[in-house]
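Each chain, written out:
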Amino acid sequence: MPWACARTVALAGSVGHVVDVQADVSQGMVGTTLVGCGDAALQEGRDRVRTAVGNTAGVGWPATRRVTVLLSPAGLPKRGTHFDLAVAVSVLCAAGDVPRSALAGTVFVGELGLDAGLRPATGVLPMVMVARDHGLRRVVVPEPQAVEAAMVPGTEVLGVRSLAQVLALLRGEEVPDAPPVVEPSGLSLLAWRGQDRGDEVDLADLVGMREARYAVEVAAAGGHHLLLSGPQGAGKTSLAERLPGLLPDLDDEEALELTAVRSLAGTLVPGEGLVRRPPYESLHHSATRASVLGGGTGTVAPGAVSRTHAGVLVLDEFPLLAADVVEGLRDPLESGEVTLARGDQTATYPARGMVVLAANPCPCGRWHPTAAGNGCRCAETRRRDYRRKLEGPVVDRVDVVCHLAASAGGEDALEPPESTAAVRARVTAARARQARRWAGRRWRLNAHVPGAVLSAEHPLPADARRLVGAALQDGSLTRRGAVRVHRLAWTVADLRGVHRPEAVDVEVALALRRGTALPAWVVQPGAAPADVGPDLDDLPETVGDLVDGRADDRAGGEDPSSPAVHAALAHLEARR
């Protein structure tokens, strides 16, 4: 029977589909037909494959027959040149040059040149992951990408250089020699790369900035998004570029996810192996929507929010970003993934990294609240438009807000600051506690935990809930903000090494969320959290109930706006 089937994988973003490449060689009008919703690059593969087969010793294209190739499922859009190898093997098997049994359980990935040599393909790692999940345990890939494919456990990887070598393996013959595969194009030609500069900076380089350093530490420990604001020279960029150094190495699952994203983006260096260090990118405010979120012409490539999955993305001069970029950040900040739709393409990529927004107080960066220190020359309307972007729904999805001053006034400049290694040790210990708490769940860090799970399984104590409820009542906190304060409280507690958050942790979480001054025990070395005091016991239960949305279900209780509530809050504010 002149029919055969080889298998490969089609990718739609981070979703993969096993594709049956079916070939029929029969009598009829001579010609080659390729069907199955392929793009232009795939359609051009007919000529590439036919010429490659003709240039392979011992086999020939069935030039006197009608050749029909179907990529099934036929309605699934397919893009790329990596289908070439599967098409060639399927046609030669249908023509009787390859035993049909040799194709069972095997996936073929690779582009063919006219000389029958293989060239690397984009997205090999996620393709192999899809093949393994479908029970296909053997993959044939271009030789330089064998290391990438071997990252998937339980898979037999065959790295080959040419079509002739593939045919010899399938026939059980001696594998002939072939020229090495050409390395992928697009690799960096620069000896110095700015992205590696983070290895050369340390927190010990920064004098003072105790509150800002603590805010960065909390953000790193819980994976929280961060907003840094302050005038020029306050240290926003310096803090942001030191943030990746506080993060521990990625675990196996995170490393595999990030490496797969890099493979899809075509930025994975051959032979590099799993990416173990959290990625870092810093984008200028002129970045486009496609560069930040993903997209592009002809394909939907992952953007910076996905390339920094499990790492850090810094958006400098955030208010100057285009409006469509700012609005497009809503979903990645909230759900940890980004979905892109381009015509008939829809792709979803992971985006669970930390996003750091950096902003000046005004477009020129010289505004100061006092007349003596104010050097701003911006028009009031321009300042208002600039600040409006710092008050919208995107910023409401940021957990930690930190306002930096132009100088570290009042702090002991002679006191030696902590190093990155010392802070990273605390961050690693806090993340280890979170890993134990959320073991077996689909999230790893406090910042990713759904609010319903926190309320049901890890609620705040009553006195802490009353603090959050009071903030809800006076309008300084939104419902979304209350959930984020809950997450922050757990991270603060994890850094302190306690089993559950207390009222003092919620105090800190509220200050981090609002961008206000932190309690003294946080920024004073060696200080311990002060007891919350008896005033908290006087807070009415109805205020705490606001956090859980049950205020209307309770009968009685004191009005949250009563003098007792405000007196307790004033007591806490005075202690700061």
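The shown structure was predicted, so the numbers you read here are calculated from the model rather than taken from an experiment.

Asker: Explain the overall build of the chain to me, and be specific about the residues and the numbers.
Answerer: Scanning the chain for helices and strands turns up 22 helices and 18 strands. Relative to its full complement of 576 residues, the chain shows a buried share of 49%. Here the contacts in the chain between residues at least 6 apart in sequence split such that 72% fall between residues at least 24 apart.

Asker: Kindly report on the confidence of the model for the chain, identifying the contributing residues and their values.
Answerer: On average, residues of the chain carry a pLDDT of 85, and 86% of them reach 70 or more. Low pLDDT (under 50) marks residues 190-194, which in the prediction has one contact with non-local residues, meaning those over four places away or in another chain. Here residues 531-576 scores under 50 on pLDDT; set against residues more than four positions off or in separate chains, the count is 73 contacts.

Asker: Explain the environment of Leu103 residue by residue, including any values.
Answerer: With respect to the element layout, Leu103 can be found in the loop between α3 (84-94) and β5 (106-108). For the pair Leu103 and Arg7, spaced 96 residues apart in the sequence, the C-alpha separation amounts to 8.1 Å. When sequence neighbours within four positions are dropped, the list of residues in contact with Leu103 reads Cys5, Ala6, Val89, Cys93, Val98, Phe108 and Leu170.

Asker: Explain the packing of α3 against helix α6 (residues 163-171) to me, using residue names and the numbers behind them.
Answerer: At their nearest, the axes of α3 and α6 sit 11 Å apart, and the two run at 50 degrees to each other. Our classification of the angle between α3 and α6 gives oblique. Remark: the crossing between α3 and α6 carries right-handed chirality. Facing α3, whose interface residues are Leu85, Ala88, Val89 and Leu92, α6 presents Leu163, Val166, Leu167 and Leu170.

Asker: Quick one: what's the story with the sheet that holds strand β10 (residues 226-229), residue by residue and with numbers?
Answerer: Here we have five strands laid out as an open sheet, ordered β11-β14-β17-β10-β18, and parallel in their pairing. Only two strands of the sheet have a single neighbouring strand rather than two, namely β11 (280-283) and β18 (400-403). Pairs of neighbouring strands in the sheet enclose a mean axial angle of 15 degrees, with direction left out of account. Relative to strand β14 (residues 312-315), β11 is paired through four bridges, and the arrangement is parallel. The residue of β14 that forms the bridge with Leu283 is Leu315.

Asker: Any details on the packing of aromatic side chains? Residues and values, ideally.
Answerer: Using the criterion set out here, one finds one aromatic pair in the structure. Seen from their ring centres, Trp438 and Trp443 are 6.3 Å apart, and the 65 degrees between their planes marks the pair as edge-to-face. Like Trp443, Trp438 is buried.

Asker: Residue-level account of unusual backbone geometry, with values.
Answerer: Excluding glycine, a negative phi dihedral is what most residues carry, and trans is how most peptide bonds are arranged. Here the residue pair Ser72 and Pro73 is connected by a cis peptide bond, since its omega of 5 degrees sits within 30 degrees of zero. Within the fold, Pro73 resides in the loop between β4 (66-72) and α3.

Asker: Which residues make up the packing of helix α18 (residues 479-496) against helix α19 (residues 503-514), and what values go with them?
Answerer: One way to put it is that α18 packs onto α19 with a least axis distance of 8 Å and a crossing angle of 125 degrees. If you check the angle between α18 and α19, you find them oblique. For the element pair α18 and α19, the recorded crossing hand is right-handed. The residues of α19 that touch α18, namely those facing Gly481, Arg484, Val485, Leu488, Ala489, Val492, Ala493 and Arg496, are Val504, Asp505, Val506, Val508, Ala509, Leu510, Leu512 and Arg513. Here the contact of α18 with α19 is composed, by residue class, of eleven nonpolar, one polar and four charged.

Asker: So what about the pairing of strand β15 (residues 337-342)? Which residues, and what values?
Answerer: With six bridges joining them, β15 and strand β16 (residues 345-350) adopt antiparallel strand pairing. Across the sheet, the residue bridging to Glu337 is Pro350, located in β16. Hairpin geometry of β15 and β16 is characterised by an intervening segment of two residues between the two adjacent antiparallel strands and by a positive phi of about 60 degrees at Gly343.

Asker: Just give me the short version of helix α17 (residues 462-473), but keep the residues and values in it.
Answerer: Since the α-helix packs 3.6 residues into each turn, any two residues three or four apart lie on the same face. Helix length check: α17 (twelve residues) gives 16 Å between terminal C-alpha atoms against 16 Å at 1.5 Å per residue, within 8%. The set of residues buried in α17 consists of Ala464, Arg465, Arg466, Leu467, Val468, Gly469, Ala470, Ala471 and Leu472. In the stretch just after α17, Gly475 is the one whose phi turns positive, near 85 degrees.

Asker: Any chance you could break down the pairing of β4 for me, citing the residues and the numbers?
Answerer: Of the two faces of β4, only one is covered, namely that formed by Val67, Val69 and Leu71; the face formed by Arg66, Thr68, Leu70 and Ser72 stays uncovered. Sheet topology note: the strand β2 (residues 15-26)/β4 ladder contains seven bridges and is antiparallel. In the sheet register, Ala23 faces β4, and the bridge partner there is Val69. Sheet topology places strand β3 (residues 31-35) next to β4; five bridges connect them, and they run parallel. Counterpart to Leu34 in the pairing with β4 is Val69.

Asker: So what's going on with the nonpolar core? Residues and values would help.
Answerer: Leu239, Val506 and Leu512 are the most contacted members of the largest nonpolar core, which totals 55 residues. Contact partners of Leu239, with chain neighbours within four places excluded, come to Leu203, Leu206, Met209, Ala212, Arg213, Val216, Leu228 and Leu404. Val53, Leu76, Leu103 and Leu118 belong to the second largest nonpolar core, which has 42 residues in total.

Asker: Outline the pattern of salt bridges, listing residues and values.
Answerer: Per the stated rule, a full pass over the model turns up 30 salt bridges. Put simply, Asp177 and Arg161 hold a salt bridge, and the shortest N to O gap is 3.9 Å. Taken together, the residues Asp177 in the loop between α6 and α7 (210-222) and Arg161 in the loop between β9 (156-160) and α6 connect sequence positions 16 residues apart. With a relative accessible area of 22%, Arg161 lands in the partly exposed category. Residue Arg330 is joined to Glu327 by a salt bridge in which the shortest nitrogen-to-oxygen separation is 2.7 Å.

Asker: Kindly report on the environment of Pro350, identifying the contributing residues and their values.
Answerer: Locating Pro350 in the fold gives a position in strand β16. The exposure class assigned to Pro350 is partly exposed, which follows from its relative accessible area of 22%. The spacing of Pro350 and Ser14 is 336 residues in sequence and 8.1 Å in space, taken between C-alpha atoms. Those residues in contact with Pro350 that lie beyond four places of it in its chain are Val261, Val305, Ser306, His309, Gly336 and Glu337.

Calculation criteria
- Residues numbered from 1 in each chain as written.
- Predicted model: local features only at pLDDT ≥ 70, side-chain atom pairs only at ≥ 80, totals over all residues.
- Heavy atoms only, no water.
- Helix = DSSP H or I, 4+ residues; strand = E, 2+ residues; numbered from the N terminus.
- Buried < 20%, exposed > 50% of the residue type's maximum accessible area, 1.4 Å probe, protein only.
- Contact = heavy atoms within 4.5 Å.
- pLDDT = per-residue confidence, 0-100.
- Axes fitted to C-alpha atoms, helices over the stretch in contact; angles between N-to-C directions.
- Parallel < 35°, antiparallel > 145°, perpendicular 65-115°, else oblique.
- Left-handed = near helix turned anticlockwise from the far one by under 90°.
- Pairing = 2+ DSSP bridges.
- Phe/Tyr/Trp six-rings, centres within 6.5 Å; stacked < 30°, edge-to-face > 60°.
- Nonpolar A, V, L, I, M, F, W, Y, C, P; charged D, E, K, R; others polar.
- Expected span 1.5 Å × (residues − 1).
- Core = buried A, V, L, I, M, F, W, Y, C linked by side-chain atoms within 4.5 Å.
- Salt bridge = Lys/Arg side-chain N within 4 Å of Asp/Glu carboxyl O.

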